Amino acid sequence: MEPDRLVELAAPLTTGAELKDWILIVVGNLFAAFLAVRALGHFLKKEWGEMVTLGVAAVFVGAIIWAPDTVQGFLTGVWGKVSGSA
């Protein structure tokens, strides 16, 4: 491989923000696939309670993976109200 080509490939990852976004996208998609397989298994076994619990946990963890800034702002606001500092 030519040295110029290596610089060209590494150029978009100079700040680390793009790498973080890429990792979150990959992890998020793997998480969604894992949850789909688990939910299908619970559905086929008619384990309704486990399927609902998985869905609730999926919404919470999915929000953390796909919208971390929004979740941080929400949890900071909730903590401010609970602690009385807001």
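Here, every reference points to the structure presented above.
Since we're looking at a predicted model, the values are computed, not measured. (Residues numbered from 1 in each chain as written. Predicted model: local features only at pLDDT ≥ 70, side-chain atom pairs only at ≥ 80, totals over all residues. Heavy atoms only, no water.)

Notes on unusual backbone geometry
Piece 1. In this structure, Lys-46 takes a positive phi of about 60° despite not being glycine.
Piece 2. Assignment of secondary structure puts Lys-46 in the loop between helix H2 (17-44) and helix H3 (48-66). (Helix = DSSP H or I, 4+ residues; strand = E, 2+ residues; numbered from the N terminus.)

Some points on the environment of Glu-50
Piece 1. When you line up the elements, Glu-50 lands in helix H3.
Piece 2. Accessibility expressed as a relative area gives 43% for Glu-50, which makes it partly exposed.
Piece 3. Taking the C-alpha atoms as reference, Glu-50 lies 8.5 Å from Ala-39; in sequence the two are 11 residues apart. (Buried < 20%, exposed > 50% of the residue type's maximum accessible area, 1.4 Å probe, protein only.)

With respect to a nonpolar patch on the surface
Piece 1. A cluster of nonpolar side chains, namely Leu-19, Trp-22, Ile-23, Val-26, Val-27 and Leu-30, defines an oily patch on the protein surface of about 550 Å² accessible area.
Piece 2. Within the fold, Ile-23 resides in helix H2. (Patch = residues over 30% accessible without salt bridge, like charges linked within 9 Å, V, L, I, M, F, W, Y side chains within 5 Å. Areas by Shrake-Rupley, 256 points an atom, 1.4 Å probe, with all protein chains shown as cover. Salt bridge = Lys/Arg side-chain N within 4 Å of Asp/Glu carboxyl O.)

Things to note about the nonpolar core
Side chains of nonpolar character tend, in soluble globular proteins, to be buried together.
Piece 1. Membership of the largest hydrophobic core is limited to 5 residues, which are Phe-31, Leu-35, Leu-54, Ala-58 and Ile-65.
Piece 2. Elements supplying a minimum of two residues to this core: H2 and H3.
Piece 3. Broken down by element, this core gets its largest block of residues, 3 residues, from H3.
Piece 4. Other than its neighbours up to four places away in sequence, Ala-58 contacts Phe-31 and Leu-35. (Core = buried A, V, L, I, M, F, W, Y, C linked by side-chain atoms within 4.5 Å. Contact = heavy atoms within 4.5 Å.)

Observations concerning the packing of H2 against H3
Piece 1. Interhelical geometry of H2 versus H3 gives an angle of 175° and a closest axis separation of 10 Å. The angle between H2 and H3 falls in the class roughly antiparallel. Contacts from Leu-24, Val-27, Gly-28, Asn-29, Phe-31, Ala-32, Leu-35, Arg-38, Ala-39, His-42 and Phe-43 of H2 reach H3 at Trp-48, Glu-50, Met-51, Leu-54, Ala-58, Val-61, Gly-62, Ile-65 and Trp-66.
Piece 2. Its residues placed into classes, the contact of H2 with H3 shows 14 nonpolar, 4 polar and 2 charged. (Axes fitted to C-alpha atoms, helices over the stretch in contact; angles between N-to-C directions. Parallel < 35°, antiparallel > 145°, perpendicular 65-115°, else oblique. Nonpolar A, V, L, I, M, F, W, Y, C, P; charged D, E, K, R; others polar.)

Section: the side chain of His-42
Piece 1. Tracing the backbone shows His-42 in helix H2.
Piece 2. Note on His-42: relative accessible area 10%, which makes it buried.

Remember, this is a structural readout, not a statement about activity or role.
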